[in-house]
Amino acid sequence: MKFSKVRKGFVLVLIVLFIGASLLPSTVAIIKEKSNITLPYFKGYIQDLIDDAIEGDTVNIASGTYYENLIINKTINLVGEDKESTIIMPASSGRDIIFVSANWVNISGFTIRKCGVEHYGIEIISNYNTINDNIISNNYGIGLGIFGINNDIYGNDINSNEVGGIELQSCSDTNIINNNILENPIGIELINSINNLIDENIISDNEYGLIIEYDSYSNTITGNTITLTGNIGIQLYSYNTNIENNDISENNEGIIIEYNSNNNNINNNFFSDNKCGINLGGSDNNIIGNSFSNDGISIFSFYYNNVEDNTVNGKPLIYLEDESNSVIDVDAGQIVLINCDNIEINNQEITNTYIGIILIKSEYCIISDNEISFNNENGIDLYLSNNNSINGNTIYSNSLNGINIGHSSYNTIKNNNIPNNQFGIYITNSEYNTIKGNEIDLNNGSGITIIDSDFNNIQSNNLSDNAYGFRCLSLGSYDNIIYHNNFLNNAENAYDKSDRGNTWDDGIYGNFWSDYKQKYPNAKKLIQDGIWDTPYEIPNRDNKDNCPLIRQWPKSSSNTIQITFSKIYFLLQLLIDRFQILEKLLV
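Residues numbered from 1 in each chain as written. Predicted model: local features only at pLDDT ≥ 70, side-chain atom pairs only at ≥ 80, totals over all residues. Heavy atoms only, no water.

> I would appreciate a short explanation of the overall build of the chain in the present structure.
Broken down by element type, the chain carries five helices and 64 strands. Among the 587 residues that make up the chain, the fraction classed as buried is 53%. At a minimum sequence separation of 6, the contacts of the chain that also span at least 24 residues come to 35%. (Helix = DSSP H or I, 4+ residues; strand = E, 2+ residues; numbered from the N terminus. Buried < 20%, exposed > 50% of the residue type's maximum accessible area, 1.4 Å probe, protein only. Contact = heavy atoms within 4.5 Å.)

> Would you mind going over the side chain of Thr-229 with me for this structure?
Position of Thr-229 relative to the elements: it lies in the loop between strand S23 (225–227) and strand S24 (232–236). A relative accessible area of 4% means that Thr-229 is categorised as buried. Beyond its immediate stretch of four places on either side in the chain, Thr-229 contacts Asn-206, Glu-207, Tyr-208, Gly-209, Glu-250, Asn-251 and Asn-252.

> Looking at this structure, how should I read the environment of Asn-267?
Structurally, the position occupied by Asn-267 is in strand S28 (residues 265–267). Overall, Asn-267 belongs to the buried group, its relative accessible area being 12%. Sequence-distant contacts of Asn-267, that is, excluding residues within four places in its chain, are made with Ile-243, Glu-244, Asn-245, Asn-286, Ile-287, Ile-288 and Asn-290. Polar side-chain contacts of Asn-267 include one of 3.3 Å to the backbone nitrogen of Ile-288. (Polar contact = N/O pair within 3.5 Å; in protein donor to acceptor, adjacent residues only side chain to side chain.)

> Looking at this model, I keep getting lost on unusual backbone geometry. Mind explaining?
Leaving glycine out, the prevailing phi sign among residues is negative, and the prevailing peptide bond configuration is trans. Located in the positive-phi region is Asn-178, a residue other than glycine, with phi close to 60°. Assessed through its relative accessible area of 48%, Asn-178 is described here as partly exposed.

> Can you walk me through the pairing of strand S27 (residues 253–257) in this structure?
Put simply, side chains in a regular strand alternate between the two faces of the sheet. Burial runs high along S27: five of the five residues are buried. Judged from the four bridges that link them, S24 and S27 form a sheet pairing that is parallel. Along S27, the bridge assignment pairs Leu-236 with Ile-257. Where S27 lies against strand S30 (residues 276–280), four bridges are found, and the strand directions are parallel. From the neighbouring strand, Glu-253 faces S30, where its bridge partner is Cys-276. (Pairing = 2+ DSSP bridges.)

> Any chance you could explain the sheet that holds strand S3 (residues 70–72) here in plain terms?
On the basis of which strands lie adjacent, the open sheet formed by eleven strands has the order S3-S6-S9-S12-S15-S18-S21-S24-S27-S30-S33 and parallel pairing. Looking at which strands have only one partner, the edges of the open sheet turn out to be S3 and strand S33 (297–299). Along the sheet, successive strands turn relative to each other by an average axial angle of 10°, direction set aside. The pairing of strand S9 (residues 120–124) with strand S12 (residues 142–146) spans four bridges and is parallel. Bridge pairing in S12 places Glu-123 opposite Gly-145. (Axes fitted to C-alpha atoms, helices over the stretch in contact; angles between N-to-C directions.)

> Would you explain the packing of aromatic side chains in this entry?
The description of two aromatic rings rests on the distance between their centres and on the angle between their planes. Evaluation of the coordinates by the stated rule reveals 22 aromatic pairs. Seen in terms of ring centroids, Tyr-520 and Tyr-536 are 6.0 Å apart; in terms of plane orientation they differ by 65°. Their pairing is edge-to-face. Within this pair, whereas Tyr-520 is found in the loop between helix H3 (516–519) and strand S61 (525–526), its partner Tyr-536 is found in strand S63 (residues 536–538), the two being separated by 16 residues in sequence. The burial state of Tyr-520 is the same as that of Tyr-536; both residues are buried. (Phe/Tyr/Trp six-rings, centres within 6.5 Å; stacked < 30°, edge-to-face > 60°.)

> So what exactly am I meant to see when it comes to the pattern of salt bridges here?
Note on pairing: side chains with opposite charge can pair once their charged atoms come close. Following the criterion strictly, the structure yields six salt bridges and no others. A salt bridge links Asp-157 to Lys-83; the nearest nitrogen and oxygen atoms lie 3.7 Å apart. Of this pair, Asp-157 sits in strand S14 (residues 157–159) while Lys-83 is found in the loop between strand S4 (77–80) and strand S5 (86–89), placing the two residues 74 residues apart along the sequence. A single burial state applies to Asp-157 and to Lys-83, both of which are buried. A salt bridge links Glu-377 to Lys-275, with the nearest nitrogen and oxygen atoms 3.8 Å apart. A residue pair is termed long-range when its members are at least 10 positions apart, and Glu-377 in the loop between strand S43 (371–373) and strand S44 (380–383) and Lys-275 in the loop between strand S29 (270–272) and S30 qualify at 102 residues. For Glu-377, a relative accessible area of 15% gives the class buried. By relative accessible area, Lys-275 is classed as partly exposed at 35%. Salt bridges here are not isolated pairs; linked through shared partners, they connect Lys-83, Asp-133 and Asp-157. (Salt bridge = Lys/Arg side-chain N within 4 Å of Asp/Glu carboxyl O.)

> How should I be thinking about the nonpolar core in this particular structure?
The nonpolar side chains of soluble globular proteins are, as a tendency, buried together. Leu-78, Ile-98 and Ile-278 are the most contacted members of the largest nonpolar core, which totals 70 residues. Among the elements that make up this core, the one with the highest residue count is helix H2 (residues 45–52) (four residues). Residues contacting Leu-78, with those up to four places away along its chain left out, are Ile-46, Ile-50, Val-59, Ile-61, Leu-70, Ile-72, Asn-106, Ile-107, Ser-108 and Phe-110. Grouped together as the second largest cluster of nonpolar side chains are 46 residues, Leu-320, Cys-365, Ile-448 and Ile-527 included. (Core = buried A, V, L, I, M, F, W, Y, C linked by side-chain atoms within 4.5 Å.)

> Explain the sheet that holds strand S13 (residues 152–154) to me, please; I cannot follow it from the model alone.
Remark on secondary structure: sheet strands pair via backbone hydrogen bonds, oriented parallel or antiparallel. With parallel pairing, twelve strands are arranged side by side in an open sheet as S1-S4-S7-S10-S13-S16-S19-S22-S25-S28-S31-S34. The open sheet terminates on both sides in strands that have one partner only, identified here as strand S1 (58–61) and strand S34 (306–308). Here the average twist between neighbouring strands, direction ignored, is 5°. The pairing of strand S7 (residues 106–108) with strand S10 (residues 130–132) spans three bridges and is classified as parallel. In the sheet register, Ile-107 faces S10, and the bridge partner there is Ile-131.

> Explain the pairing of S24 here, please?
Within S24, five of the five residues are buried, leaving the element largely enclosed by the surrounding structure. With four bridges connecting them, strand S21 (residues 208–212) and S24 associate as parallel partners. Paired with Leu-210 across the two strands is Ile-234, which belongs to S24.

> I would appreciate a short explanation of a nonpolar patch on the surface in the present structure.
A cluster of nonpolar residues, Trp-104, Tyr-128 and Ile-149, forms a patch on the protein surface that exposes about 290 Å² of accessible area. As for its placement among the helices and strands, Trp-104 is situated in the loop between strand S6 (98–100) and S7. (Patch = residues over 30% accessible without salt bridge, like charges linked within 9 Å, V, L, I, M, F, W, Y side chains within 5 Å. Areas by Shrake-Rupley, 256 points an atom, 1.4 Å probe, with all protein chains shown as cover.)

> Would you explain H2 in this entry?
For an α-helix, the turn length of 3.6 residues means that residues three or four places apart are oriented alike. Looking only at H2, the buried set comprises Tyr-45, Ile-46, Gln-47, Leu-49 and Ile-50. Residues of H2 that are buried in the fold lie against S1, strand S2 (64–67), S3, S4 and S5.

> Please explain the environment of Asn-231 as it appears in this structure.
By the element assignment, Asn-231 lies in the loop between S23 and S24. The spacing of Asn-231 and Gly-209 is 22 residues in sequence and 8.4 Å in space, taken between C-alpha atoms. Sequence-distant contacts of Asn-231, defined by excluding residues within four places in its chain, comprise Glu-207, Tyr-208, Asn-252 and Glu-253.

> Help me out: how do you make sense of the environment of Ser-514 in this one?
Looking at where Ser-514 falls in the secondary structure, it is placed in the loop between strand S60 (512–513) and H3. With a relative accessible area of 32%, Ser-514 lands in the partly exposed category. For the pair formed by Ser-514 and Asn-493, sequence separation is 21 residues and the distance between their alpha carbons is 8.2 Å. Those residues in contact with Ser-514, other than ones at most four positions away along the chain, are Phe-487, Leu-488, Asn-489 and Asn-493. Within polar-contact distance, the side chain of Ser-514 engages the backbone nitrogen of Asn-489 at 2.7 Å.

Geometric descriptors of this kind do not, in isolation, establish any biological role.
Set out below in structure tokens:
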């Protein structure tokens, strides 16, 4: 009996040992056999296999969730069974999930996620490594950080990391090829890195697609799809960068070349449906052979760039620097003049670009009889440009301003039709411009806006059905002349914040106000003078039209007719005073 009990106990021990052995992962072999038993998680298992491996070994890891912070300090191949189901998460949020200090390490087939803030899913401080066919996602820091040379990153999904997707710092000759880099604040960032290749990646839904910082140069960005960034597709601070054959679409700005970014080549790219395709700063950059669809270029630093053979919506992008005395007679998709004079732009139809016509430091140019519509920002933009004439154009349905005038003086804006923009005419830091005889209506913001601008002459315009007819938005705008205009059915006809005052009448006649009777029901007509007896108060400060018109001021482009109008207007009032039936017909 005693022997029987001993034998039974011995058998029971064997059974327990057998079951225990089947539950514990083997660390004897580097190549792990597949197991039919699924454990809730593993701790320390992969690191044990790495520690037991010798140089050049392949360490195969079965599917499962592993909570580890790995250090790879020897040349091995670390291979997961399936990237969807072989998951590594950190045991400690204070370290990288995988830290690679050895050369010639290959990592593939894993999901790497949930690294801590200020850490990396994978950090590489060595050379000749390959990271491919992984999912690096949902990390609280940066998905992949590389500090080294000749590393290859390809075929990975790098998504939804809270700081960034890939960071290259002090890297050279690294290839980032055929990755999906989605929904990160920054898709790829290069810092102090040279001679790297970023090729055939899909970089989408990031806040910034690609940032190339100062001291990063001679990098090549080619064949990528860069789309749907909330801010900028490629932000370039560097020099000698080649950006070629990329599809850059549906971003706020496709590429911005920052100030002092020089000698870059932006060639043969396709831009579509960005708000702005290229925002160009720096100098000696080559912008050649690009195709823009429903966007175009903008300029914020403006000397000595080579912009040629580009198209906007299938038509030539006309870009001139230091040109004089010419007529643009080709059917253009966008027109940019920099430091030009005496250029004529006539009979163009420019639509669906960023800004239809841009003048920078350009003088004595004539823009007339053009149709400029449905552009992503302004119809016409003048900056540091004086003595130009904008006459007889139809400028409508542009997303921001019909005409934008900044730091520009002595320009004439006359007899244009400017409907259905956000703002009709927008004037900032500009003096002595003449805005006369224009039809400005149905704009969602204001018909005319002035900010920090003085001595402008705003006469004989019809401002109708805008949110505001006229707005002065700064205390420092003064001595502007605003009279002989018709303010018709605007939600708010006028608003004047000027503390030093603008002039709203010429001492005889002021403006016509469609809401005058509503505001001043007890006012009386001074029929012989053609004005009301009560001044029209301009909201916000002590500005007023002392001579509000009883009837609309007729718009006319003839100076001769305008000079004699006061006499005609006076005779008209006498006729109305005698024949009251005329008043009913004219009101």
